[in-house]
Amino acid sequence: MSGIIEAKGLCKVYLRGREEIQALRNVDFSVEAGEFISIIGPSGSGKTALLNMFGCLDTPSSGSLRLNGIEIAGLKERDLVKLRRENIGFVFQQFYLMPTLTARENIELPLLFSKKSGSKKRIDEVLQMVGLADRGDHLPGQLSGGEMQRVAIGRAIINDPKIILADEPTGNLDSVTSEMIFGLFSELNKRGLTLVVVTHNLDLARRAEKMYSLRDGRIVSCEERACAEVV
Amino acid sequence: MNFFTLAAKNLQRRRGRTMLTVIGVAIAISVLFSLLALNSGYEKELSKEVNSLGVHILAVPKGCPYEAASLIMHGGVIPKYLSDSDYQNVSTIAGVELASPMLLHQFMKKDEKTGVSTPHIIYGINMEETRKLKPWWTVEGRFFSDNEKGVMLVGRGLADKENLSVGQVLPVGPKKENFTIVGILDRTGDQDDQFHFFPLKEAQRVFNKQGMITTIAVKVRDVSRIAAVSQEMEKIPDIQVVTMTQIMGTIMNLAGSARSLLLTVIAIALIISAFGIINTLLMSVNERTREFGMMKAIGASGLDIARMVLAETVFITLLGGILGTVAAVVGSSIIESFVKGMLPYSPGGSLISYSPQLVGFALAFSVLLGLVCGIYPAVKSSRLSPMEAIRGGFE
């Protein structure tokens, strides 16, 4: 079975002034549909570059990256947007919620861009799923950090993506709330979503099915866990 | 939720800045709207005033013809006179349908309460001919006949101002002769509302101007023959001819320079306002780089971002346009009195004329202003690389 994300010989070179930065060096990587993957590594190890490419926010300098069977190298911006809209949901460390929109409206936002009609029922469903059924009309400023991240997760799943990419989703949260967020990710994974989570929290990272470790743009290890442990 | 409601909510985040920009646009649109309203009102009133004379040509004594003509239109007195014989000569020219002699006299009247003296205008006219020139005249009471003595007609504006009524007797002239008001002219909306009208012969007698007339108003049978009739009239010594078209043209030219000045003010106001809007939007775009990056990550295209920024701009300018238009309508009397002071010649009626088309134009212009000002910030934000934009969001 081919993976939902397939990277072969993936390289990414950035230019900082005249200096070339090798963010990724010949990375081979595969994620099967429905898997829960975590990626750890020190700062500058290439986690950002990898996640950006999985999310079609950037394209490889060389090598191949197939997302849901589509090669992204050489795709035009318009096609990348379409691919992103249909397949990816993003969760950020800083939540990036619109402060003047309620939790419900923040969750609805991707529907505006994908031109899908946002039925109230679907938004209610998502609010229920992320445990915010009674907080939909609150502005982000009235929510706790954990609640804001749950709104962000709701926003990531509203378009029914196949993959959730999360960057340090618990980086701004305390340990109890972090547990709850990972619990929510596990729930989503059980529903069939593929999850790729970048984190510095080793305890949480170990709860994924596979834990990849990156250093200097290369994958240095991959630990596999039993499914039962994840759940 | 749509792009417009999203834009409106985004603007709420920076209320102070948004309101200042809206006020900037409102001032520019208000000035633009006022000038356009003034332009259309000025031409309309001028044309109404010229037409209210009911004549095609004015014969005035030789001298400064345009100045004399515009003075006469406002009831001003010129120190030169034509004679009855000039009138007879003009009447016999082929193509003249009607020639009506007029004598203008001005006197100052002191208000007993305030002690302020104001000029009052007396028109000596032949009623029969004048009514042919101004068939729209109607009267409370009655018109006088040309041979009556001691009678007068007053304009409605004057009657209201001085509390005059039909049957009232007023002392007139150096000998304070009694003149009875036999009629009050129904409101015409032009300068006639402010005048006293006397039978021509009575006016000449009372003010010791026997045989003298200030002007001869001429109506031609065929308007295409105005030039030919004018040429014939100019052959009469003492007479200088001014056609109404020339008067309108001269006044419009004079007003043109004042309008150019106002247009320059508007252009500057609009440019300043436009830079203000662009500045506000660029600041907002720069502050929201990460947010745009997030939006791209959750599925927005560059076009979506551009559309949102443009919607925000149009929202600002449209709101400014509505406020500016309302302000211009509410403050029209202030604007009018300011502009009247700047114009070399002002017709009597209201100079500001609004129409639904004008309101539509002002609002459409504000939307256009928004689109033009929004293009650069919109393009800039749409071209942001999502990865660059949210880089801070990753490690």
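Refer to the structure presented above.
Analysis parameters
- Residues numbered from 1 in each chain as written.
- Chains lettered and ligands numbered in written order.
- Predicted model: local features only at pLDDT ≥ 70, side-chain atom pairs only at ≥ 80, totals over all residues.
- Helix = DSSP H or I, 4+ residues; strand = E, 2+ residues; numbered from the N terminus.
- Buried ≥ 20, exposed ≤ 12 C-beta atoms within 10 Å, placed from the backbone.
- Contact = placed C-beta atoms within 7 Å.
- Pairing = 2+ DSSP bridges.
- Nonpolar A, V, L, I, M, F, W, Y, C, P; charged D, E, K, R; others polar.
- Axes fitted to C-alpha atoms, helices over the stretch in contact; angles between N-to-C directions.
- Parallel < 35°, antiparallel > 145°, perpendicular 65-115°, else oblique.
- Left-handed = near helix turned anticlockwise from the far one by under 90°.
- Expected span 1.5 Å × (residues − 1).
- Core = buried A, V, L, I, M, F, W, Y, C linked by C-beta atoms within 7 Å.
- Domains from an automatic or database assignment.

K.L.:
So what's going on with the overall build of chain B? Which residues, and what values?
P.N.:
What chain B contains, in helices and strands, is 14 helices and twelve strands. The burial tally for chain B puts 42% of its 395 residues in the buried class.

K.L.:
Describe the overall build of chain A, naming the residues involved and giving the relevant values.
P.N.:
In terms of regular secondary structure, chain A is built from eight helices and ten strands. Taking contacts inside chain A between residues at least 6 apart in sequence as the whole, the part at least 24 apart equals 68%.

K.L.:
Outline the pairing of strand β4 (residues 117–125) of chain B, supporting the account with residue identities and numerical values.
P.N.:
All names here are of chain B. Of the pairings in the sheet, the one linking strand β3 (residues 96–110) to β4 comprises nine bridges and is antiparallel in character. Within β4, the position partnered with His-105 by the bridge is Ile-122. Turn length for the β3-β4 hairpin, with the two strands adjacent in sequence and antiparallel, is six residues, and the turn residue Gly-115 shows positive phi of about 75°. Relative to strand β9 (residues 196–199), β4 runs parallel, the two being bridged by four bridges.

K.L.:
Can you break down the sheet that holds strand β4 (residues 62–67) of chain A residue by residue, with the values?
P.N.:
To summarise the sheet geometry, strands pair through backbone hydrogen bonds and adopt either a parallel or an antiparallel arrangement. All names here are of chain A. If you trace the four strands from one edge of the open sheet to the other, you get β2-β1-β4-β5, paired in antiparallel fashion. Bordering the open sheet on either side are β2 (19–31) and β5 (70–71), each of which pairs with just one other strand. Relative to β2, strand β1 (residues 5–16) is paired through nine bridges, and the arrangement is antiparallel. For Ala-7, the partnering residue across the bridge sits in β2 and is Phe-29.

K.L.:
Outline the interface of chain B and chain A, listing residues and values.
P.N.:
Where the parts come together, the accessible area they lose is often given as the size of the interface. Contacts between the two partners involve 21 residues from chain B and, on the opposite side, 30 residues from chain A. If you list the elements that add at least two residues to the side of chain B that touches chain A, you get α1 (3–11), α10 (289–297), α11 (302–330) and α14 (386–389) of chain B. Ranked by residues supplied to the side of chain B that touches chain A, first place goes to α10(B) with four residues. A breakdown of the residues in the side of chain B that touches chain A according to their chemical character gives nine nonpolar, six polar and six charged.

K.L.:
Requested: an account of the packing of helix α3 (residues 103–114) of chain A against helix α5 (residues 145–157) of chain A, with residues and values cited.
P.N.:
Residues and elements named next belong to chain A. Closest axis-to-axis distance for the α3/α5 pair is 7 Å, and the angle between their directions is 30°. Looking at the two axes, α3 sits roughly parallel to α5. Crossing handedness for the pair α3 and α5: right-handed. Of α5, the residues touching α3 (which contributes Ala-103, Asn-106, Ile-107, Leu-109 and Pro-110) are Val-151, Gly-154 and Arg-155. Partitioning the contact of α3 with α5 into residue classes produces five nonpolar, two polar and one charged.

K.L.:
Describe the environment of Ile219(A), listing the residues and the values that go with them.
P.N.:
All names here are of chain A. Residue position: Ile-219 is located in strand β10 (residues 218–224). Sequence separation of Ile-219 and Arg-25 is 194 residues, and the distance between their C-alpha atoms is 8.9 Å. Excluding its chain neighbours within four sequence positions, the residues that come into contact with Ile-219 are Val-27, Phe-29, Tyr-212 and Leu-214.

K.L.:
Just give me the short version of the packing of α5(A) against helix α6 (residues 175–190) of chain A, but keep the residues and values in it.
P.N.:
Residue and element names in this part refer to chain A. Between α5 and α6, whose axes approach to 10 Å, the crossing angle comes to 20°. By the angle class used here, α5 and α6 are roughly parallel. In this structure, the crossing between α5 and α6 has a hand that is right-handed. On α6, the residues that touch Gly-145, Gly-146, Gln-149, Arg-150, Ile-153 and Ile-157 of α5 are Thr-177, Met-180, Ile-181, Leu-184 and Leu-188. Looking at the contact of α5 with α6 residue by residue, the classes come out as six nonpolar, four polar and one charged.

K.L.:
Quick one: what's the story with α11(B), residue by residue and with numbers?
P.N.:
A rise of 1.5 Å per residue sets the reference length of α11(B), with its 29 residues, at 42 Å; its end C-alpha atoms lie 42 Å apart and thus fit the reference within 8%. Of all 29 residues in α11(B), 21 are buried; the element is thus mostly enclosed.

K.L.:
Any details on the nonpolar core? Residues and values, ideally.
P.N.:
One finds Ile164(A), Leu195(A), Ala59(B) and Val218(B) to be the most contacted residues of the largest nonpolar core, which totals 164 residues. Considering every element that reaches this core, the biggest residue donor is helix α2 (residues 15–52) of chain B, with 13 residues. Split by domain, this core shows at least three residues from each of two domains, domain 1 (3–48 + 252–393) and domain 2 (63–237) of chain B. Contacts of Val218(B), omitting those with residues within four sequence positions, involve Val55(B), His56(B), Ile57(B), Ala59(B), Val90(B), Val96(B) and Ala99(B).

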